[in-house]
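Architecture and fold: a report
This is what each chain is made of:
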Amino acid sequence: MPKYAMVIDMTKCAACQACTVACEAEWGLPPGEKFTRLEERETGSFPNVQREFLLIQCQHCDNAPCVEVCPTGATYKRDDGIVLVDEKRCAGCKYCMVACPYQARVINHEKGVPEKCRFCYHRVEQGKKPACVSTCIGEARYFGDLDNPNDEIHRIIQEKQAKPLRGDLGTKPSIYYVR
Ligand code: SF4
Ligand code: SF4
């Protein structure tokens with residue numbers, strides 16, 4: 001069974017947001033609903049302040065707080081590591097939105113369902129890469145299978161010393177960042 005993961009190399013990201021647009025088109029998202037967003041942050045302290053861009057989306061956590069709090073089982077994690085939402089089972093309580101430490105969820109006002117990145121599972125099942133990965137001209141995104149020892153993702157994580165966001169939380173994200 002594969003265990004999907006992604007590397008986002010912010011040192012290669014041009015902040016062009018082509019990935020965000022590709023995602024919106026892939027999923028036909030309504031205006032204002034984005035599964036991936038570009039955040040601008042300040043790091044360090046005065047006078048050594050730096051600006052940092054960070055792409056945030058669902059981290060497909062192994063210990064996903066959103067899965068734990070969902071009272072209906074609408075939010076679930078597949079064996080391949082992808083966290084999904086079954087909108088038919090969703091009660092619209094938004095517990096998952098509150099529980100997510102990455103603010104990765106966005107409400108679909110039409111359906112009343114908190115949605116998020118789906119790791120383009122439909123493309124992955126056809127052997128394709130997620131839309132954001134295929135679109136990135138800077139090759140800042142890489143998608144692979146952690147369960148396959150021959151997958152390049154192992155080398156990329158190691159060589160680039162990619163790390164999950166807020167590893168201290170114990171959520172065990174499936175996205176690794178180079179910053
Ligand atoms: S990032 Fe948030 S929405 Fe995604 S699996 Fe983790 S807790 Fe759930
Ligand atoms: S809003 Fe839906 S998916 Fe989120 S916790 Fe409630 S029932 Fe689960």
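Here, residues in each chain are numbered from 1, in the same order as that chain's written sequence. Note on labels: chains are lettered from A, ligands numbered from 1, in written order. Reporting of local features is limited, given that this is a predicted model, to residues whose pLDDT is at least 70; pairs of side-chain atoms are given and counted only at 80 or more, and all residues count toward the totals for whole chains, interfaces and linings. Only hydrogens and water are removed before side-chain values are computed, so all heavy atoms of the structure are retained for them.

When at least one non-hydrogen atom of a residue lies within 4 Å of a molecule or strand, that residue is treated as near it. Around ligand 1, the structure places 13 residues, and the nearest of them are Cys58, Gln59, Cys61, Cys66 and Cys100. In the shell around ligand 1, the residues fall into nine nonpolar, two polar and two charged. All amino acids are sorted into three groups, where Ala, Val, Leu, Ile, Met, Phe, Trp, Tyr, Cys and Pro are nonpolar, Asp, Glu, Lys and Arg are charged, and the leftover types, Gly among them, are polar.

Turning our attention to the side chain of Glu33. Runs of E in the DSSP output that reach at least two residues are strands. Runs of H or I that reach at least four are helices, and both are numbered from the N terminus. Here Glu33 shows up in the loop between helix 1 (18-27) and strand 2 (36-43). We note that Glu33 is buried and unpaired, the nearest opposite charge coming from Arg118 at a distance of 5.6 Å. Setting aside its immediate chain neighbours within four residues, Glu33 contacts Glu24, Val106, Ile107, Asn108 and Glu115. For each residue, the accessible area found with a 1.4 Å probe, counting protein chains only, is set against the maximum for its type, and the residue is called buried under 20%, exposed over 50%, and partly exposed in between. Positive: Lys, Arg. Negative: Asp, Glu. His and the chain ends are not part of the count. Salt bridge criterion: a side-chain nitrogen from Lys or Arg within 4 Å of a carboxyl oxygen from Asp or Glu. Contacts between residues were defined by any pair of non-hydrogen atoms, one from each residue, lying within 4.5 Å.

What follows concerns helix 6 (residues 152-160). Inspection of helix 6 places Ile153, Ile156 and Ile157 among the buried residues, and these make up the whole buried set. Down the axis of helix 6, the smallest arc covering the buried residues is 95 degrees, so these residues share one side. The exposed set on the far side of helix 6, more than 90 degrees from its buried face, consists of Gln158 and Glu159. Buried positions along helix 6 lie against strand 1 (4-9), strand 8 (141-145) and strand 9 (175-178). Once helix 6 ends, the next one or two residues include Gln161, with phi positive near 50 degrees. Read the arc as the range of directions from the helix axis to the C-beta atoms.

Before going further, it helps to spend a moment on the pattern of salt bridges. In this structure the tally under the stated criterion is 17 salt bridges. The residue Arg78 makes a salt bridge to Glu125 at a minimum N-O spacing of 2.9 Å. Note that Arg78 is positioned in the loop between strand 4 (75-77) and strand 5 (83-85) and Glu125 in the loop between helix 4 (121-124) and helix 5 (131-135), a separation of 47 residues in sequence. Measuring nitrogen to oxygen at the nearest pair gives 2.3 Å for the salt bridge that ties Glu152 to Arg155.

Attention now goes to the side chain of Asn108. Turning to its location among the elements, Asn108 is positioned in strand 6 (residues 106-108). Polar contacts here mean pairs of N or O atoms no more than 3.5 Å apart (in protein, one a potential hydrogen donor and the other a potential acceptor; neighbouring residues in sequence count only if both atoms are side-chain atoms). Among the polar contacts listed, one links the side chain of Asn108 to the side chain of Glu33, at a separation of 3.2 Å. Discounting residues that sit within four places of it in the chain, Asn108 has contacts with Pro30, Glu33, Val113 and Glu115.

The values are spatial; any link to function lies outside them.
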